[in-house]
Structure formats: C-alpha cells, structure tokens
Amino acid sequence: MKHIAILLAALLAAAAPSEARKVKKFVHETVEIPSVEPQIIAVETANTQLTLSVKENRRVELIRYGSKLRSPQEFLGYEGVTQEAYPAAGGTLLTENALHVKYPDGNHGTELRFTSFSTKSAGGVNTTVIGLKDYVTGLEVSLVYDAYVKEDVISARAVITNPGKKDVELENYASSLMRLEGDDFLLTHFHGGWACEMQTSRELLDFGTKVIESRRGTQATQTENPSFVVSLGREFSENSGEAVAGALAWSGNFRIAFERDETGRLNIFSGISPFASAYPLKGGASFETPEMLWTFSAEGAGGASRNLHRWARNYGIYGGGAVNPTLLNSWEGAYFSFDTSVLTGMIDDAAAMGLEMFVLDDGWFGTKYPRNSDRTSLGDWEPNTDKIPEGIDHLASYAHGKGLKFGIWIEPEMVSGVSVLAETHPEWVVQSPGRELYEARWQWVLDLSNPQVQDFVFGIFDRTMQLAPGIDYIKWDCNRPVYSFGSTYLGPEQDRFYVEYVQGLYSVMRRIREKYPSVLVQCCSSGGARVDYGAMKYCNEFWTSDNTDAISRVRIQYATSMIYPACAMASHVSAVPNHQSGNVTPLKMRFDMAAAGRLGMELQPKNLSSSERALADRCIRSYKGFRDVVFGGDLYRLSDPYNSDYYAFMYVSEDKTKAVVFAFCLRYQNRAGGGHPFALRGLDPSRKYLVTEQNVDSSCWWGDGKAFAGDFLMGGGFNPVLLQTNSSAIFLLEAR
Ligand code: GLA
C-alpha cells in the first residue's frame, strides 16, 4: 500500500505543470506562456493603497486594499490566500467571475495572464494600466486604475479587446473586483421605490453571495442604488474604523455581488448586469466597462463619504461644487393647470422672495394633443399656444427681466401612446415583437440604441434651447422603466439593447455638453431614479425624490449623503399636507431640510400667509449666506436618524473658517429642558467660532451669538433645546 501511495504521488507530481506555465490545448497541444519577473504594483492615493502582485506565472492578483503602507514592495514574496485581480470563467476558477467569454467555437474558457504595465500622471490623477491576455484565444483585457490622489478615490474599469477576426460573446464583463480582508463585513446599501428612494439597509455579510442589482433599464436607481458602504467589522461606524465605499458610474442595469468565499474573505464584483446582455464583441473591437469608484477610509463611513464628495465636486459631477441657483419650480404649485398669468404670477413671487430662477415644469407643450395631464403628448415638443399664447420666449424674458434665470422641463426619452410621435414613428418604441406594449404613466420608452432616435432626442434638447434666448436650466426627466425590452433597430442582436440604450443616452449627453457647456441640467427620473455617477458626468444636480416631505427627506437625504454630495442634491420646500406623504410639518422644518442641499421651492407662493412669506424670505436670505459651505464643504453626520430621535449633521469649509450645523428633533422629548448635546466635528479645536442660529428671533441654544473654541463645541458644550417633534435649527459658525 505504502508503495502505491508513493508511486501515485510521484505520478501526480510529474503531471502537475510547474507553476502552470504550459497550458494544455486539446489534450496534446500546449501553448507556451513564458515566465515573467514577479513584481508588486501599488495603485496609490495620498492615504490609501491598492496592492497587486504579478506572479512568475503571470497571474495578476489582488493582495490588499487599505491605508497606505510605506513599502508595499515587501509583499513580493508574500505567501497566503490571494485572488486574481480580474478572474475569468475557465481554468481553475470555481466561483464568481469578472469576465465570461464565449468564443465562436462554442468554448467558454479564458485565463488572463500579465502582458504589460504602465503608469502616467496628469491633473492630480495617477493612472495605472495592467495589460492581460488569454494566451490561447488572444483576447486582451486592460485593467485601468485612475488614482485620484488628493481625494483618496480609485476608479477601476476594464477594456476588453477581441483581436481576432470572428465575434466573441461577452457573457459577463465586470468593471472591477475588489477583495477585502476582515473577520466581519457589515454592508450598508440603499433600496427604495418611487417617493421613498435611498432607504438604508444594513446587514452582516455571511458566507455565500449577496447581490444588489437593477433590471429596470431606465430608472436604474429607483429600487436600489449602485453604491454601498462596507464597514470592516460587525458594526456600522460613522466616525472611526475602516470603511470601504463603492459606486458604479452607470445609468442602466447593474449587478454588484458581495461574495464571501470559502476563506471568509469578501470579493465584491461590480458592473453592468449581464441579464439579457451577452454582448457581441466584433473582431478587432474593444468594449470599455463603466467606471467603478472605490474609496477607503480609516475614519469610518463619514470619512468615506467625504472622500467621494470631494472627488465628485472635483471630477465626478458636471460643474461640481459650483453654487447652483435657488429656484421656484411650477410642478407641485400648478401641475398641469396654468396659463401665462399663473406663471408670471409665480415668477413675480419668486423674485419677491429672493429666489434666483423659475423652472417651468411639465405641461407646456403639445398642440394636436395638448399636455393637460400625464396621459398624452410626450414626443410632441412644440409649445402649447392655448396655454401660453405669448410663447416661451415671453416667459423667459419676463423671468430675466425680474432678475431670475429661466429653466424648463423635458422628458425626451419618452413617447405618449397619444402623440403625433407615436403615430409617425411606432418603430422607435422599445418593444418585443408581437407582445403587448405595456404602458406605465401612459407612455413608452424610445429606443436610444437606435442612432436616429439619438438624433431625435438630441434635437428635442436643441430645439427647446432655441425656444427662448438664454434658457439657463433644463430639467431632464425619465418617468418609466423598460418593459418588454427589445429594439426594432437591433434585429437579431437584441443582446446589445440594454447596454447600447445607456451608451446612446451618454452619447446624446456628450453632444449636448459640446454645444451647451454652460446650461445647467438637472437629472430627474420620477424623482431619484437616476442618481448615479454615470449620469452626473453630464448633469449639475439630481432631483433627489418626488417626496418633498421634510420627514421623509430625513432618511432619503441621510442615505444620499453617504455617496453623493450636497452640491448636487436638489431639495424643495412644498405645501402641507405634503402631496405624497400627507404629513404636516412646520414651514421652518421644511426650509431647514431643503437648505441642506440646493434649496428650492415647489408650491404656489400665493397660498402662503404673510407670516409664512416673511419666514420664507428670511430663510432664503440666510441660505445665501451659508450655502457656499453646503456646496463646497466637508460633511460630518452627527447622528443616524434610524437610531436616534435627533438627526444632525454639519458642513465645514475646507479651511475650517466656516461651518453650518443642521439639527432636527424627530420625536417629542418628554424629559423637558436640558437640551441635547451634539458633539460637533471637523472644526479647528483651537479657533473660536461665533455661533448664530439662523431664521429665528429667539434661539434654542443658550450660547447663541457668542464665540466658543472649536474643542468646546466638539467636546459636548453645544446642546440646543429641541423638544418638540419636527422642531429644527440651523446654526452658522464663523471663525473669529
Ligand atoms: C416626475 C418628476 C416630477 C415632475 C413630474 C412631471 O414625476 O419627478 O418632479 O417633473 O414628473 O410630470
């Protein structure tokens, strides 16, 4: 027996390829893979490091993502459990894959091996490109890592090239894989629905795979946002401990898989959803995946959010960080019922209250089928001369004459069942042959994978801009998901539909930005159904939610702030009872909540009493005095509204000379008196700050109007008395 065991071991040893340098092809043929000098590649920002290792057998492996080590090169001889940086289906891979290719001969196997490595630096970004190739089929992949040095953000994407003559099929094509080490991983992700987007969910990740995804086509972020925070440990930690946040820059179907593998480590695969999207990659063609953004912070989720916000202001949001105007939007104040005098009345009131822009929302277009409800007219973008006989240019110049900017709403990706466009171009509608065209909000989606439709959609924007000289702002809406997916244009290549819809959208957005670099664009999709860093490359802000209720906004804005910065978060004061939730909240609370982002109003100002008007004027005026900190400052969340009866947060200017604190009481505090201590954060401990409560005659804090040292304010001295449900306060802090 002993002899047999030894013989077997010897035979096995002889059969095992030495470090897999020879790959067997069809039993007897082999492809030579020359060995390479091992090396460590470190992708670095100011405080973080992603370490990869190239093995002698050309496997490229992820070693570590975390705080910056002095000499990552010491990992050169590292022995331990590692993970391929971009594992492809085939070879020895038995778990989730980043890449799955089907070749023309029907085979599925791919094994990517190192070919090249290059770096370059420009504009505060260090780019590392790692070349990989399958030595049998020749398929190539470049892993591109852009390290945003100051912001501590790393963007990862893959470029997949088919150098052969025949098409291959990409069954799965992730943007990135990240591997995290730790004993426990607490995932925070953001689920929701219409008017309740971005609800926070927290769960410990156990063995197996947890997936967050969207298959809505358009409106990809309504039910789940392509972003998350992973706390390394059992608890969510806002201010300390290690946290990794990620966000996929893609406005279509996505899939993010959190795989706790057999070793207990966490592998996070992120990218476009492969659902119905086996992408045909032509011979000689390349496919570039969307970017996946990563940040690591040793200052908990708060630190991770601040990194992403800084990146977004500097790179991720069109015009990011600039102050966008306050506005009055006509929607909740007028809906479809307006004429010129209603609108000019609103413009008069907006100007009188100190707002800076008027936005004409839905209902201004359609001649054969006038848009008097949401049942008709999308696609027919000529102004309705019955409602506004003087024309849009009259309204725009009326607003400009009052010192206001002028904006207008469009929903260019859609067509109503009742419209001239649906009569003339039924083939442009997203559809599956022979199947029912399901309507949602009485409308269908236009097929943006079709270049003719892309031209048409660009034309809608372009012609709207010509309706009046100096249109300052476009609200771009998108109010339904894709049902019965399919394209009359794509013929047998229906697998390209979901991907090319989004690429078509981005191509239209690029053309718009070339022609109209300075128009402000709001990205709206039934509220917050398109809040992602793919769309934000072209848009100045997003409509956070159709839910304008200040109580609902506590949770929506709290979660939004985890990933997206306040400069892009549009937040409006509306009437009570709230049109969505029915809640009745004080006007002060509604202003205080809206002032945490880009403040606007969305009601009929004529319905405000004179005392409400006076408060509105005051709140708008004070907002202009501190909004620079909201738009450009660092956010510190002081409490978690899911676990506290108070919700408080603050923004601090980068030079720490100015800060603004927001505090809300969410539940009646029956232990009257005393006040609630909030330990402020992010201030300069040794500087004195003058603290002034905004928008009140009599402050809820004893220290109002006095100057205090930063360490006192951060050390428990700040305790405003907010006892009643829905009472709120804003404090401005100015360094002396
Ligand atoms: C969507 C938007 C709203 C409003 C309406 C108009 O629901 O989210 O803000 O523009 O469409 O129909």
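## Examining the overall build of the chain
Counting its secondary structure elements, the chain contains 12 helices and 38 strands. By the compact-globule yardstick of 27 Å for 736 residues, the chain fits well, its C-alpha radius of gyration being 28 Å. A principal-axis box enclosing the C-alpha atoms of the chain has dimensions of 100 × 70 × 45 Å. Buried residues in the chain amount to 60% of all 736 residues. Pairs at least 24 apart in sequence give 69% of the contacts found in the chain among residues at least 6 apart. For the chain, the accessible surface area stands at approximately 27,400 Å², while carbon and sulfur atoms represent 51% of it. Across the chain, the 71 positively charged side chains and the 86 negatively charged ones have centroids separated by 3 Å.

## Let's talk about the pairing of strand S13 (residues 185-191)
Regular strands place their side chains on alternate faces of the sheet. Taking burial as the measure, the seven residues of S13 include six buried ones, the bulk of the element. Two elements, S13 and strand S16 (residues 224-232), share six bridges in a ladder whose sense is antiparallel. Counted as the bridge partner of Thr188 is Val229 from S16. Strand direction decides the pairing type here: S13 and strand S14 (residues 199-204), joined by six bridges, are antiparallel.

## Quick notes on the nonpolar core
Among the nonpolar cores identified, the biggest contains 189 residues, and Leu99, Leu360, Tyr533, Met601 and Phe662 are the most heavily contacted of them. Membership of the second largest hydrophobic core comes to 25 residues, among which are Leu683, Trp701, Leu713 and Leu733.

## Considering the side chain of Arg590
For Arg590, the location among the structural elements is in helix H10 (residues 587-594). One buried charged residue, Arg590, forms no salt bridge at all, with the nearest opposite charge on Glu612 at 4.9 Å.

## Side note on the packing of helix H2 (residues 300-316) against helix H9 (residues 550-563)
Axis separation between H2 and H9 bottoms out at 6 Å; the angle between their running directions is 70°. Taken together, the axis directions place H2 and H9 in an arrangement best described as roughly perpendicular. Of the residues in H9, those in contact with Ala301, Ser305, Leu308 and His309 of H2 are Ser561, Met562 and Ile563. Of the residues contributing to the contact of H2 with H9, the split by class is four nonpolar, three polar and no charged.

## As for unusual backbone geometry
Residues Val576 and Pro577 are joined by a peptide bond in cis, for which omega reads -10°. Relative to the elements of secondary structure, Pro577 occurs in the loop between strand S31 (569-574) and H10. Backbone geometry at Ala195 places phi at a positive 65°, although glycine is not the residue there. Residue position: Ala195 is located in the loop between S13 and S14. Taking the relative accessible area as the measure of exposure, Ala195 reaches 10% and is therefore buried. A positive phi angle, close to 70°, is found at Asn726, a residue other than glycine. Along the polypeptide, Asn726 turns up in the loop between helix H12 (710-714) and strand S38 (728-735). Classification of Asn726 as buried rests on a relative accessible area of 10%.

## Section: the state of the cysteines
Each disulfide is one covalent bond, formed between the sulfur atoms of two cysteines. Inspection of every chain in the model, using the stated rule, returns zero disulfides. Cys524 takes part in no disulfide bond, and the closest cysteine sulfur, belonging to Cys523, lies 7.7 Å away.

## Thoughts on the site of the ligand
Around the ligand, the surrounding shell holds 13 residues, and the nearest of these are Asp361, Asp362, Lys475, Gly527 and Asp546. Take Asp477: an N or O atom from its side chain is 2.9 Å from an oxygen atom of the ligand. Here the ligand has 300 Å² of accessible area as a free molecule, and 97% of this is covered by the chains. More than half of the atoms of the ligand fall within 2 Å of the grid points belonging to the second largest pocket.

## Considerations on the side chain of Ser270
With respect to the helices, strands and loops of the structure, Ser270 is situated in strand S19 (residues 266-272). Accessibility expressed as a relative area gives 1% for Ser270, which makes it buried. What Ser270 contacts, discounting residues up to four positions off in sequence, is Ala174, Ser175, Ser176, Arg255, Ile256, Met292 and Trp294.

## Considering helix H4 (residues 340-353)
Taking 1.5 Å per residue as the helical rise, H4 with its 14 residues ought to reach 20 Å, and the 20 Å between its terminal C-alpha atoms agrees with that figure. For H4, the full list of buried residues reads Thr340, Leu343, Thr344, Gly345, Met346, Ile347, Asp349, Ala350 and Met353. Next to the buried residues of H4 lie strand S23 (327-329), helix H3 (331-334), strand S24 (357-360), helix H5 (392-401), strand S32 (598-602) and helix H11 (610-632). Two residues or fewer after H4 comes Gly354, characterised by a positive phi angle close to 90°.

About the thresholds
- Residues numbered from 1 in each chain as written.
- Predicted model: local features only at pLDDT ≥ 70, side-chain atom pairs only at ≥ 80, totals over all residues.
- Heavy atoms only, no water.
- Helix = DSSP H or I, 4+ residues; strand = E, 2+ residues; numbered from the N terminus.
- Rg over C-alpha atoms; globule rule 2.2 N^0.38 Å.
- Buried < 20%, exposed > 50% of the residue type's maximum accessible area, 1.4 Å probe, protein only.
- Contact = heavy atoms within 4.5 Å.
- Areas by Shrake-Rupley, 256 points an atom, 1.4 Å probe, with all protein chains shown as cover.
- Lys, Arg positive; Asp, Glu negative; His and termini not counted.
- Charge placed at Lys NZ, Arg CZ, Asp CG, Glu CD.
- Pairing = 2+ DSSP bridges.
- Core = buried A, V, L, I, M, F, W, Y, C linked by side-chain atoms within 4.5 Å.
- Salt bridge = Lys/Arg side-chain N within 4 Å of Asp/Glu carboxyl O.
- Axes fitted to C-alpha atoms, helices over the stretch in contact; angles between N-to-C directions.
- Parallel < 35°, antiparallel > 145°, perpendicular 65-115°, else oblique.
- Nonpolar A, V, L, I, M, F, W, Y, C, P; charged D, E, K, R; others polar.
- Disulfide = S-S within 2.5 Å.
- Near = heavy atom within 4 Å.
- Polar contact = N/O pair within 3.5 Å; in protein donor to acceptor, adjacent residues only side chain to side chain.
- 1 Å grid on protein atoms, 1.4 Å probe; cavity = no way out; pocket = protein on both sides within 12 Å on 5 of 7 lines; lining within 4 Å.
- Sits in = over half its atoms within 2 Å of the grid points.
- Expected span 1.5 Å × (residues − 1).

So yeah, pure geometry; function would need other evidence.
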